[in-house]
Amino acid sequence: MTRTINLKLDINGTSHVLAVDPRATLLDALRENLALTGTKKGCDQGQCGACTVHIDGRRVLACLTLAAQAEGRQVTTIEGLAAADGSLHPVQAAFLEHDAFQCGYCTPGQIMSAVGCIFEGHTGSDSEIREYMSGNLCRCGAHNGIVAAVREAAELAR
Ligand code: FES
Ligand code: FES
């Protein structure tokens with residue numbers, strides 16, 4: 001019999017009580033318990049960035065975070081980024097504008113990471129953006145669009 005633990009998680013401003021295996025990652029809890037499938041699993045070992053979410057406003061890899069570690073903290077996923085009326089976050093809009101994705105699989109992680117990158121102020125130049133977005137892999141090679149989108153969204157945020 002698998003032991004489960006009850007966790008109270010704050011996801012995108014809504015409180016959820018989940019019964020999960022204590023070994024469950026935040027990534028699996030989001031995808032499998034809460035059906036929030038916007039956060040992607042590209043590697044499950046911290047090497048691709050597809051699972052990037054925010055905890056207390058900072059970007060983290062959900063595949064290397066136990067769901068239990070998120071208890072009592074505020075988690076934001078790609079589904080929580082748009083405004084309540086559905087209008088896109090400026091980073092989402094900039095990704096559309098600059099064709100900063102192709103297949104879309106890395107995109108939620110790229111966007112969450114981009115919001116973090118801008119918040120951290122690592123947008124002084126294209127090379128700084130590239131360096132601080134380098135934890136998010138993109139096999140479709142959308143990097144030029146991603147950098148352009150981050151640059152534009154950072155300018156709007158100033
Ligand atoms: S799935 Fe988390 S870094 Fe790849
Ligand atoms: S858009 Fe396909 S992996 Fe980035």
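Cut-off values and rules
- Residues numbered from 1 in each chain as written.
- Chains lettered and ligands numbered in written order.
- Predicted model: local features only at pLDDT ≥ 70, side-chain atom pairs only at ≥ 80, totals over all residues.
- Heavy atoms only, no water.
- Helix = DSSP H or I, 4+ residues; strand = E, 2+ residues; numbered from the N terminus.
- Rg over C-alpha atoms; globule rule 2.2 N^0.38 Å.
- Buried < 20%, exposed > 50% of the residue type's maximum accessible area, 1.4 Å probe, protein only.
- Contact = heavy atoms within 4.5 Å.
- Areas by Shrake-Rupley, 256 points an atom, 1.4 Å probe, with all protein chains shown as cover.
- 1 Å grid on protein atoms, 1.4 Å probe; cavity = no way out; pocket = protein on both sides within 12 Å on 5 of 7 lines; lining within 4 Å.
- Points joined across faces, edges and corners; volume = space filled by probe spheres on them.
- Nonpolar A, V, L, I, M, F, W, Y, C, P; charged D, E, K, R; others polar.
- Domains from an automatic or database assignment.
- Polar contact = N/O pair within 3.5 Å; in protein donor to acceptor, adjacent residues only side chain to side chain.
- Buried area = accessible area lost by both parts, 1.4 Å probe.
- Salt bridge = Lys/Arg side-chain N within 4 Å of Asp/Glu carboxyl O.
- Axes fitted to C-alpha atoms, helices over the stretch in contact; angles between N-to-C directions.
- Parallel < 35°, antiparallel > 145°, perpendicular 65-115°, else oblique.
- Left-handed = near helix turned anticlockwise from the far one by under 90°.

- An unreviewed UniProt entry lists the protein chain under the name Xanthine dehydrogenase YagT iron-sulfur-binding subunit, from Rhizobium azibense.

## Description of the overall build of the protein chain
Argument step 1. When you go through the protein chain residue by residue, the secondary structure sums to five helices and five strands.
Argument step 2. Helices (α) and strands (β) of the protein chain occur, in sequence order from the N terminus, as β-β-α-β-β-β-α-α-α-α.
Argument step 3. Taking 2.2 N^0.38 as the reference for a compact globule, 158 residues should give roughly 15 Å; the C-alpha atoms of the protein chain span a radius of gyration of 16 Å, in line with that estimate.
Argument step 4. Looking at the protein chain as a whole, 42% of its 158 residues qualify as buried.
Argument step 5. Sequence separation of 24 or more characterises 52% of the internal contacts of the protein chain that already satisfy a separation of 6 or more.
Argument step 6. With an accessible surface of roughly 8300 Å², the protein chain has 48% of that area assigned to carbon and sulfur atoms.

## Points about the layout of surface pockets
Argument step 1. By volume, the largest pocket is sized at about 200 Å³.
Argument step 2. Around the largest pocket, the lining residues are G42, C48, A50, C103, Y105, C106, L137, C138, R139 and C140.
Argument step 3. Grouping the amino acids of the lining of the largest pocket by side-chain chemistry returns eight nonpolar, one polar and one charged.
Argument step 4. There are two domains that each give the lining of the largest pocket at least three residues, and those are domain 1 (5-80) and domain 2 (90-157).

## Quick word on the side chain of N136
Argument step 1. Among the structural elements, N136 can be located in the loop between α4 (126-132) and α5 (143-157).
Argument step 2. According to the relative accessible area criterion, N136 is buried, its value standing at 6%.
Argument step 3. In this structure the side chain of N136 is engaged in a polar contact, spanning 3.2 Å, whose partner is the backbone oxygen of G109.
Argument step 4. Residue contacts for N136: discarding those within four places in its chain leaves C48, G49, T52, G109, Q110 and S113.

## Considering helix α1 (residues 26-33)
An α-helical turn contains 3.6 residues, so any two residues separated by three or four positions project in the same direction.
Argument step 1. Burial in α1 covers these residues: L26, L27, D28, A29 and L30.
Argument step 2. On its buried side, α1 packs onto β1 (5-11), β2 (14-20), β3 (52-55) and β5 (74-76).
Argument step 3. Positive backbone phi, approximately 55 degrees, marks A35, located one or two places after α1.

## Structural notes on the domain arrangement of the protein chain
Argument step 1. Here the protein chain is partitioned into domain 1 (5-80) and domain 2 (90-157).
Argument step 2. Put simply, the middle of domain 1 and the middle of domain 2, counted by C-alpha atoms, are 21 Å apart.
Argument step 3. Taken together, the contact between domain 1 and domain 2 spans 17 residues of the former and 17 residues of the latter.
Argument step 4. Roughly 1300 Å² is buried in total at the junction of domain 1 and domain 2, and carbon and sulfur atoms are behind 55% of that figure.
Argument step 5. If you look at where domain 1 meets domain 2, you find one salt bridge.
Argument step 6. When the shortest N-O distance is used, the salt bridge between R59 and E120 registers 2.8 Å.
Argument step 7. Our count for the contact surface shared by domain 1 and domain 2 stands at eight residue pairs in polar contact (both at pLDDT 80 or more).
Argument step 8. At the level of elements, β3 and β4 (58-61) are the ones that each hand at least two residues to the side of domain 1 that touches domain 2.
Argument step 9. Taken together, the residues of the side of domain 1 that touches domain 2 break down into four nonpolar, nine polar and four charged.

## Brief notes about the packing of helix α3 (residues 107-120) against α5
Argument step 1. Packing of α3 against α5 leaves a shortest axis separation of 10 Å and a crossing angle of 45 degrees. Relative to α5, α3 is oriented oblique. Crossing handedness for the pair α3 and α5: right-handed. Here Q110, A114 and I118 of α3 lie close against α5, whose contacting residues are I146, V150, A153, A154 and A157.
Argument step 2. Classifying every residue of the contact of α3 with α5 gives seven nonpolar, one polar and no charged.

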